[in-house]
Amino acid sequence: MRNLSWLVSILFIAAPAWAHWDFLLGIRNGRAAVILPQPHPLQSMSLIFGQYTRELGIEYYIAENGLSQLTAATVQTVWVSPGLTGRIGSVDVVCRAGCANAFAMNEDGHEHIRFRAAQPGIYIWDLRVVNARDLSGNPVPDMEGVYRIYLRAGNPNYLYGGVSAPSYQGDLYPLNLTLQVRQGSQPVQTVSLPPATNALYAYMASVGVSGVHTVVAKLDKHLSRRVDNLNLSGAVQVNWAFPVAGDVNNDDTIDDADLLAVLFAFGSNDFEADANGDGVVDDADLLLVLFNFGASGEGNG
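In this text, all values refer to a predicted model and were calculated from it rather than measured experimentally.

Chemist: Help me understand the overall build of the protein chain, please; the structure alone is not making it clear to me.
Modeler: For the protein chain, the count of helices and strands is three helices and 23 strands. Overall, the protein chain is about 60 × 55 × 35 Å in size when its C-alpha atoms are taken along their principal axes. Counting every position in the protein chain, which comprises 301 residues, the buried fraction comes to 47%. A fraction of 66% describes how many contacts in the protein chain between residues 6 or more apart in sequence connect residues 24 or more apart. Summing over all exposed atoms, the protein chain offers an accessible surface of approximately 14,100 Å²; the carbon and sulfur share of this is 52%. Of the charged side chains in the protein chain, 17 are positive and 29 negative; the average position of the first set lies 11 Å away from that of the second.

Written out as C-alpha cells, the structure is:
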C-alpha cells in the first residue's frame, strides 16, 4: 500500500481553522498568562491514517469592554513529552529537539497548532507566555510558572494523581518526578517528568505494561515511595506524598554525601544543595539533612 503520510501532511496544512479556542491568552495579576481554562482538561487525540492528531486553537482573551487584552505574545515550550510534535502550517514549532520550541501569535490573535504522535500514550505540553504586549503596545511581564496540557492518544494504561512534599518550600516543578514500574525487583519501565501542581493533575504518565506490578516514585531531593500489588489497567490514581527531604544527591539515602554537599554549598543559593527549596543553603538545610540522617527510600527495599 502506498504510504499516506504525504496526504496527512497536506490535510494538516490545508485544513481550515475551524477549531474553536482551546485556551485563551491574556493578563492576570499584571503578567502574561493563560486565562482560560484553568486547569486545562485532558485532550483526546484522533487516529488518522495511523497517526494520532489533535488541533488546539489559541486566541487572545477578550475583556468585558470587548477588547483584546493582548496585541502580541509568544508561546514558549518549557517541556514536552518524547514522541509529541506540534506544527503550525508546515513548520514544527513544538518538539523534543530540533525545532524553535516557540512561536509568535498571529497579528489577528488567532493561532492553531496541530499535534501528532505515532504511539498511544499520555503526552504533555508545558508552555509559558512571553514577550507579550498589551492593548497600548506596552510590554507585559512574562508569565510565571507553566501551563500544562495533557493529551491522550488511544487507550493507554496510565498513572495519574497529585504530588506533595511538605518539607519543601519552593516550587516542585524544577524537581524531577521519576516513576519506575517493577515486576518483582526488576525494573520494566521508567518514566520521568516535572510535576505541575497547578495542572489537572500534578502528573499523568502512560505505562506500557498491564497487570499487577510495584511502582516506585522518586522526587528529587526526597526519599522514594513505593506501592506494591498495583493493578495497572486503564487509569490508575496514585497520589504521592514525599515527607522525607534531604537526599540532595538523589541516591535515595540520606548520608554523609548529602551532608557534605550542603556544607560545601553553605551560604550560597546552589539549587541542588538547597534541601528545603527556600532559595538559600543555610542552617535549615543542614538541620533537615541531620534530622533525616541515615534514612533510605522505600524503593531500596
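Having seen it, we continue.
Chemist: Looking at this structure, I do not really get helix α2 (residues 256–264). What am I missing?
Modeler: Within the span of α2, buried status applies to Asp258, Leu259 and Val262. The buried residues of α2 occupy one face: seen down the axis, they fall within an arc of 100 degrees. Buried-residue contacts for α2 involve β23 (245–247) and α3 (283–291). Of the residues flanking the start of α2, the one acting as N-cap is aspartate 255, its side-chain oxygen 3.1 Å from the backbone nitrogen of alanine 257.

Chemist: Which parts of the structure should I look at to understand the state of the cysteines?
Modeler: Taken as a whole, this structure holds one disulfide when the rule is applied. Disulfide partner of cysteine 95: cysteine 99, at an S-S distance of 2.2 Å. Residues cysteine 95 and cysteine 99 share a disulfide whose torsion about the S-S bond is about -125 degrees; that sign makes it left-handed.

Chemist: Can you walk me through unusual backbone geometry in this structure?
Modeler: With glycine set apart, most residues show a phi of negative sign, and most peptide bonds adopt trans. For the bond from leucine 36 to proline 37, the omega torsion is -10 degrees, close enough to zero to count as cis. Geometrically, the link from glutamine 38 to proline 39 is a cis peptide bond, its omega value of -10 degrees lying close to zero. By the element assignment, proline 39 lies in the loop between β2 (31–36) and β3 (43–48). Phi at asparagine 131 takes a positive value of approximately 50 degrees, unusual for a residue other than glycine. A relative accessible area of 53% means that asparagine 131 is categorised as exposed.

Definitions and limits used
- Residues numbered from 1 in each chain as written.
- Predicted model: local features only at pLDDT ≥ 70, side-chain atom pairs only at ≥ 80, totals over all residues.
- Heavy atoms only, no water.
- Helix = DSSP H or I, 4+ residues; strand = E, 2+ residues; numbered from the N terminus.
- Buried < 20%, exposed > 50% of the residue type's maximum accessible area, 1.4 Å probe, protein only.
- Contact = heavy atoms within 4.5 Å.
- Areas by Shrake-Rupley, 256 points an atom, 1.4 Å probe, with all protein chains shown as cover.
- Lys, Arg positive; Asp, Glu negative; His and termini not counted.
- Charge placed at Lys NZ, Arg CZ, Asp CG, Glu CD.
- Arc of directions from axis to C-beta.
- Polar contact = N/O pair within 3.5 Å; in protein donor to acceptor, adjacent residues only side chain to side chain.
- Disulfide = S-S within 2.5 Å.

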